[in-house]
Amino acid sequence: MSEIIDGAALLDEVEAFHRRFNVFPTEHAYVAVALWDAHAHLMDALDGTARIAFLSPEPGSGKSRALEIIETLTPRSATTVNASANALFRLVSADEGTPTLLFDEIDTVFGPKAGGNEEVRGFLNSGYRRGAKSLRCIGDGSDQKAAFLPSFCAVAMAGLGSLPDTILTRSVIIRMRKKARNETCEPYRRRVHEKQGHALRDRLADWAAPLHDRIAEAWPEMPEGVTDRPADVWEPLLAVADAAGGHWPERARAACVALIKAAGEGEEASLGVRLLTDLRDRVFCGVDKLPTAAILEVLHGIDDAPWADMSEDGQYIKPLTARAMAKLLSQYVRPDNKPIKPKGIRVGSTTPKGYYAEDLSDAWNRYCPPPPGKSATAATAATPQVNGGESVAETPSETRHMFAESDTRTLRSVV
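Residues numbered from 1 in each chain as written. Predicted model: local features only at pLDDT ≥ 70, side-chain atom pairs only at ≥ 80, totals over all residues. Heavy atoms only, no water.

Caption draft 1: Structural detail: the overall build of the protein. Tallying secondary structure elements over the protein gives 16 helices and 14 strands in all. Residues classed as buried in the protein amount to 46% of the 415 residues present. (Helix = DSSP H or I, 4+ residues; strand = E, 2+ residues; numbered from the N terminus. Buried < 20%, exposed > 50% of the residue type's maximum accessible area, 1.4 Å probe, protein only.)

Okay, structure coming up:
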């Protein structure tokens, strides 16, 4: 009769093993990593997998050590610093079984000097769901045949900086930092500690084996507000926690909420969303239409925004132009589902190009964070003079809605 393994106690041991060698930024990180180690043993039962990403702004923050410990605890672990997409597809489809892929120095794959690596990005994006396959040529020499190769596998990554948004949204993100003077951990010695990790790995495998059907049919309850992609990411980890029992279901859901919130706070909005948000909160501020020149003058004057020093192709820097703004906004659509484009605005005897708030309203509602609680009136102090030398910010709100009909001799022409 096989030994009955206490799943909660086993996960406690996995967590304790990490704590010996890793200093993670929060208690929730230890919970997430222990659950991730266990979920790698249940890939045959899962429809999806969470990528896990250890990221930091500086070297020496313990990212690679975290991967080393994970390597000892997960099945068929394979560590790489750089690999082609074809090699990755072949590794996943090998007869030995689904690997646990550990990507160290991931910044060399997706960093500013890496050239994008779209094929590797495609592999990582598609492989978080079971059944994901890509068409590749396989064979020797001239004997090549087309075949669909799978990409579904557990992936842990470590690197400096950040990752493409499409990968971040599929990942549990652990933002590592250098140890403080009062933070210590045990030195890791592979020839001594690898065997200890492997012993835990084998017990995780023994515990996971009879759970296949239970995990395959599990629909773990999500914390309130966790939906869509974050729910996809955390579903396999919560299923593992529920199967382990004890305090793990509660700790897992607390970690889920905390790490999702932290990822959102550390997330930098895309340039398009940043532009839309600044237009809503710091430019229009209730005005129904504005000439492009007036919009650009306000944007260029926002100190904490990128609009005054936009970089194009990494070669030179100049302020955001009317053409560049039009290109960014054309990615979004008006309420009638047509691209947002500048229109002629009647201002006195002229019709300069500009934008209408009603055309931006649908994009504001869909893409921008909730507007600030306080009135944005103060933000209009930088609004250029458009009303016969009188600042828009100094006019009553009802007058600001009508300013586009006034004299615009002080505006720079952009047409």
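Caption draft 2: Spatial organisation of the pairing of strand 3 (residues 100–103). Side chains T100 and L102 project from strand 3 onto one buried face, and the interleaved L101 and F103 project onto a second face that is buried too. Note that strand 2 (residues 77–80) and strand 3 share 4 bridges and pair parallel. Bridging from a neighbouring strand, T79 pairs with L102 of strand 3. At this point the chain moves from strand 2, through helix 4 (residues 85–92), to the parallel strand 3, and the crossover so formed is right-handed. (Pairing = 2+ DSSP bridges. Right-handed = clockwise from strand over helix to strand, strands pointing away.)

Caption draft 3: Just the environment of S84, in detail. Secondary-structure assignment places S84 in the loop between strand 2 and helix 4. Distance from S84 to N117, taken between C-alpha atoms, is 8.8 Å for residues 33 residues apart in sequence.

Caption draft 4: Spatial organisation of the sheet that holds strand 2. A sheet is described by the order of its strands in space; here 5 strands give the open sequence 2-3-6-1-7, paired in parallel fashion. Pairing within the sheet leaves two strands with one partner each, and these edge strands are strand 2 and strand 7 (171–175). Averaged over all pairs of adjacent strands, the angle between strand axes in this sheet comes to 15°, irrespective of strand direction. Bridge analysis of strand 1 (residues 51–56) against strand 6 (residues 154–160) gives 5 bridges, and the strand direction is parallel. Bridge pairing in strand 6 links F54 to A158. (Axes fitted to C-alpha atoms, helices over the stretch in contact; angles between N-to-C directions.)

Caption draft 5: Spotlight on the packing of aromatic side chains. Applying the stated criterion to the full structure yields 7 aromatic pairs. Plain terms: the ring middles of F17 and F21 are 5.2 Å apart, the flat faces sit at 75° to each other, and that makes the pair edge-to-face. Here F17 and its partner F21 are both found in helix 1 (residues 7–21), 4 residues apart, which amounts to about one turn of the helix. No difference in accessibility class separates F17 from F21, as the two residues are buried. Taken together, the aromatic side chains of F17, F21 and Y188 make up a single cluster linked through ring pairs. Just above the ring of Y356 sits the side chain of K343; from NZ or CZ to the centre is 5.5 Å. (Phe/Tyr/Trp six-rings, centres within 6.5 Å; stacked < 30°, edge-to-face > 60°. Lys NZ or Arg CZ within 6 Å of the ring centre and 35° of its normal.)

Caption draft 6: Region of interest: unusual backbone geometry. Phi angles above zero are rare outside glycine, and R76 is one such case at about 50°. Of note, R76 is situated in the loop between helix 3 (63–73) and strand 2. Even without being a glycine, C285 presents a positive backbone phi close to 45°. Residue placement: C285 occurs in the loop between helix 12 (271–284) and strand 8 (289–291). According to the relative accessible area criterion, C285 is buried, its value standing at 15%.

Caption draft 7: Molecular detail of the pairing of strand 7. Burial runs high along strand 7: 4 of the 5 residues are buried. Pairing between strand 1 and strand 7: 5 bridges, direction parallel. Considered in strand 7, the bridge of R51 is made with S171.

Caption draft 8: Broad picture of the packing of helix 4 against helix 6 (residues 118–126). At a minimum axis separation of 8 Å, helix 4 and helix 6 run at an interaxial angle of 30°. Between helix 4 and helix 6, the interaxial angle falls into the category roughly parallel. Only E119, V120 and F123 of helix 6 make contact with helix 4, whose side of the interface consists of A85, L88, F89 and V92. (Parallel < 35°, antiparallel > 145°, perpendicular 65-115°, else oblique. Contact = heavy atoms within 4.5 Å.)

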